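Structural description and commentary
So you can see what is in the structure, the chains are spelled out below.
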Amino acid sequence: LSISLSKIRVDVGAPILWTVGLSQTGAGLVDLLVAGLLAQIGGNITKLLFYALGVGTFLAVPTAIGFLTVAHVGAGYMSLVFAFPILLTYLLAVTLGIDRLRIGKVFGVPCGLSGGLIVALSRFGSEDGGLWVIAASLIPVIVAFGNIFRTWFCPKTAGPIFLASLTLIVSGLALTVLAATTEGPTVELLW
């Protein structure tokens, strides 16, 4: 839904990075309030900052790529792209020894990846399609590495809503800075 709505916003000329950056920051602040009400705030500040900066970056980068490429590759392809992190995360987890090899998944991963490859190759014929498809195809790789980072560095003593709030705030602020440099310093949101 988010990707489809972003294509509509791009089509009407709305500043997409401002929109998503402010949305994520706002959602993070709401989560922070909820975490405070549920007494989930706390933990080692160094570990929390490291986690928030890492996971926030792993959220901001594919989000920016996704919202910037959707107008060029289509919402259908973007929806497909966001389905692949599960497959790639599993491959990384097995490779790094975090998960074990399972026969059913071993057969599913190549099937899923080959289907995505067929769709991606069909997009190369359009004008500038190749570069946008490559950019969009980086999303599942970045998200998969983000999933592994999250698994390795998740602060065990912090509440999940608090961690989500920190992640959203860092990602939203990063996207807002990117928006200010690419879309200009003014915020003209079209509702």
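What to know about helix H8 (residues 160-182)
With 23 residues, H8 extends 32 Å between its outermost C-alpha atoms, agreeing within 8% with the 33 Å of an ideal straight helix rising 1.5 Å per residue. Inspection of H8 places Phe162, Leu163, Ser165, Leu166, Thr167, Leu168, Ile169, Ser171, Gly172, Leu175, Thr176 and Ala179 among the buried residues, and these make up the whole buried set. Structurally, H8 contributes buried residues whose contacts are with helix H2 (16-37) and helix H3 (45-73). One or two positions beyond H8, positive phi appears at Gly184, with a value near 100°.

Describing the packing of H3 against H8
At their nearest, the axes of H3 and H8 sit 7 Å apart, and the two run at 50° to each other. Between H3 and H8, the interaxial angle falls into the category oblique. For the element pair H3 and H8, the recorded crossing hand is right-handed. Contacts from Leu48, Tyr51, Ala52, Leu53, Val55, Gly56, Leu59, Ala60, Thr63 and Ala64 of H3 reach H8 at Phe162, Leu163, Leu166, Thr167, Leu168, Val170, Ser171, Ala174, Leu175 and Leu178. Residues that form the contact of H3 with H8 fall into these classes: 16 nonpolar, four polar and no charged.

A closer look at the packing of aromatic side chains
Enumeration according to the criterion identifies four aromatic pairs in this entry. Ring geometry for Phe58 against Phe149: centres 5.7 Å apart, planes inclined by 45°, an arrangement best described as tilted. Here the residue Phe58 occupies a position in helix H3, and Phe149 occupies one in helix H7 (residues 129-153), the gap between them amounting to 91 residues. On the basis of relative accessible area, Phe58 is assigned to the partly exposed category, the value being 27%. Residues Phe149 and Phe153 carry aromatic rings whose centres are separated by 4.7 Å and whose planes lie at 45° to one another, so their mutual orientation is tilted. Linking Phe149 with Phe153, this pair stays in helix H7, spanning four residues, or about one helical turn. Judged by relative accessible area, which is 12%, Phe149 ranks as buried. An aromatic cluster of at least three residues, connected via ring pairs, comprises Phe50, Phe58, Phe149 and Phe153.

Procedures and definitions
- Residues numbered from 1 in each chain as written.
- Predicted model: local features only at pLDDT ≥ 70, side-chain atom pairs only at ≥ 80, totals over all residues.
- Heavy atoms only, no water.
- Helix = DSSP H or I, 4+ residues; strand = E, 2+ residues; numbered from the N terminus.
- Expected span 1.5 Å × (residues − 1).
- Buried < 20%, exposed > 50% of the residue type's maximum accessible area, 1.4 Å probe, protein only.
- Contact = heavy atoms within 4.5 Å.
- Axes fitted to C-alpha atoms, helices over the stretch in contact; angles between N-to-C directions.
- Parallel < 35°, antiparallel > 145°, perpendicular 65-115°, else oblique.
- Left-handed = near helix turned anticlockwise from the far one by under 90°.
- Nonpolar A, V, L, I, M, F, W, Y, C, P; charged D, E, K, R; others polar.
- Phe/Tyr/Trp six-rings, centres within 6.5 Å; stacked < 30°, edge-to-face > 60°.

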